[in-house]
Protein chains: 2
Amino acid sequence: MDYEHTCMIRGDGGRTLRAILDQICNKWTLLVVATLDQGTLRFTDLHHQVPGISQRMLTLTLRHLERDGLITRTVHAEVPPRVEYALTPTGESLIPPALALAGWAIAHAPGIEESRAAYAAR
Amino acid sequence: MDYEHTCMIRGDGGRTLRAILDQICNKWTLLVVATLDQGTLRFTDLHHQVPGISQRMLTLTLRHLERDGLITRTVHAEVPPRVEYALTPTGESLIPPALALAGWAIAHAPGIEESRAAYAAR
DNA sequence: CGGCATCCCCGTCGATACTG
DNA sequence: CAGTATCGACGGGGATGCCG
């Protein structure tokens, strides 16, 4: 890894970068985006497919993603109401790097658990 | 992006994955790891090179990274004391995916800011 | 120099209840 | 069905001060 690339993550001192990263890397965003990679989903579908998320946090996460232009929110004027969420091109472009990080986490999870156990035993 | 890959991030329901991701993707971890990509650094060096981090959070972040086996902490028995931090191979392996995400954030930061401004103006 | 201990604020998050 | 409103607990994280 050469310095050019390293420079990138350190960027402007990390301020702007960290602001974006904080939005993306929070507790639920990556999981919601990854779930939407399946295609268009309704609110309830997401609620069931993202395990452990509360209605409140799903709503907030979706609002943030919509605000940042990563997903679209489509309200159908029907009874009962139907609201569909889908990734925008920008949102889709987040999938590969998100999976890269997720892949790393999965690949190194056992090692991390082991190291953590060894650390606790000291 | 096919379903096999998507499945990965959704994994076991996201529980284990999110636990690891929460550790890695927090406010400071990625920046500290990226800074250590330069090579071995002392505590004060890190404090200066990671802008905005408090002494407390730098200490905590370094302890977590050490516990998880991503960095090594070497204390030199000298006066004044000297403590050096360096990435382990596991820590180094986090750099590429971290840069992928950072690259995405930098590339899309203008678009996100724009979308956010448009959203606020509604 | 490189921490750890303490205090305290504030944002995050879940639970619950209510609405169109 | 798809939210909004409100409350309260919790913990991240900054400021400060002390220590080996």
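Preceding this paragraph is the structure being described.
Quick summary incoming for the structure in this document. Because the structure is predicted, anything quoted here is derived from the model rather than measured.

The rules behind these values
Residues numbered from 1 in each chain as written. Chains lettered and ligands numbered in written order. Predicted model: local features only at pLDDT ≥ 70, side-chain atom pairs only at ≥ 80, totals over all residues. Heavy atoms only, no water. Near = heavy atom within 4 Å. Polar contact = N/O pair within 3.5 Å; in protein donor to acceptor, adjacent residues only side chain to side chain. Helix = DSSP H or I, 4+ residues; strand = E, 2+ residues; numbered from the N terminus. Nonpolar A, V, L, I, M, F, W, Y, C, P; charged D, E, K, R; others polar. Pairing = 2+ DSSP bridges. Contact = heavy atoms within 4.5 Å. Axes fitted to C-alpha atoms, helices over the stretch in contact; angles between N-to-C directions.

### Things to note about the protein's contact with DNA strand D
Residue and element names in this part refer to chain A. The local shell around DNA strand D holds 19 residues, among which Arg 42, Thr 44, Gln 55, Arg 73 and Tyr 85 are the closest. Among atoms of DNA strand D positioned within 4 Å of the protein, sugar and phosphate together represent 67%. In this structure, Arg 42 approaches DNA strand D through a side-chain N or O atom, which is 2.9 Å from a phosphate oxygen. A total of four residues in the surface near DNA strand D trace back to one element, the largest contributor, which is helix α5 (residues 55–67). Class assignment for the residues of the surface near DNA strand D results in eight nonpolar, four polar and seven charged.

### Re the sheet that holds strand β3 (residues 82–87) of chain B
Residues and elements named next belong to chain B. Read from one edge of the open sheet, three strands run β1-β3-β2, paired in antiparallel fashion. Only two strands of the sheet have a single neighbouring strand rather than two, namely β1 (41–42) and β2 (71–76). With two bridges joining them, β1 and β3 adopt antiparallel strand pairing. Its bridge partner being in β3, Leu 41 is matched across the sheet by Tyr 85. Relative to the sheet, helix α3 (residues 29–36) contacts β1, β2 and β3, its axis offset from that of β3 by approximately 95°.

The quantities given are spatial measurements derived from coordinates; they are silent on function.
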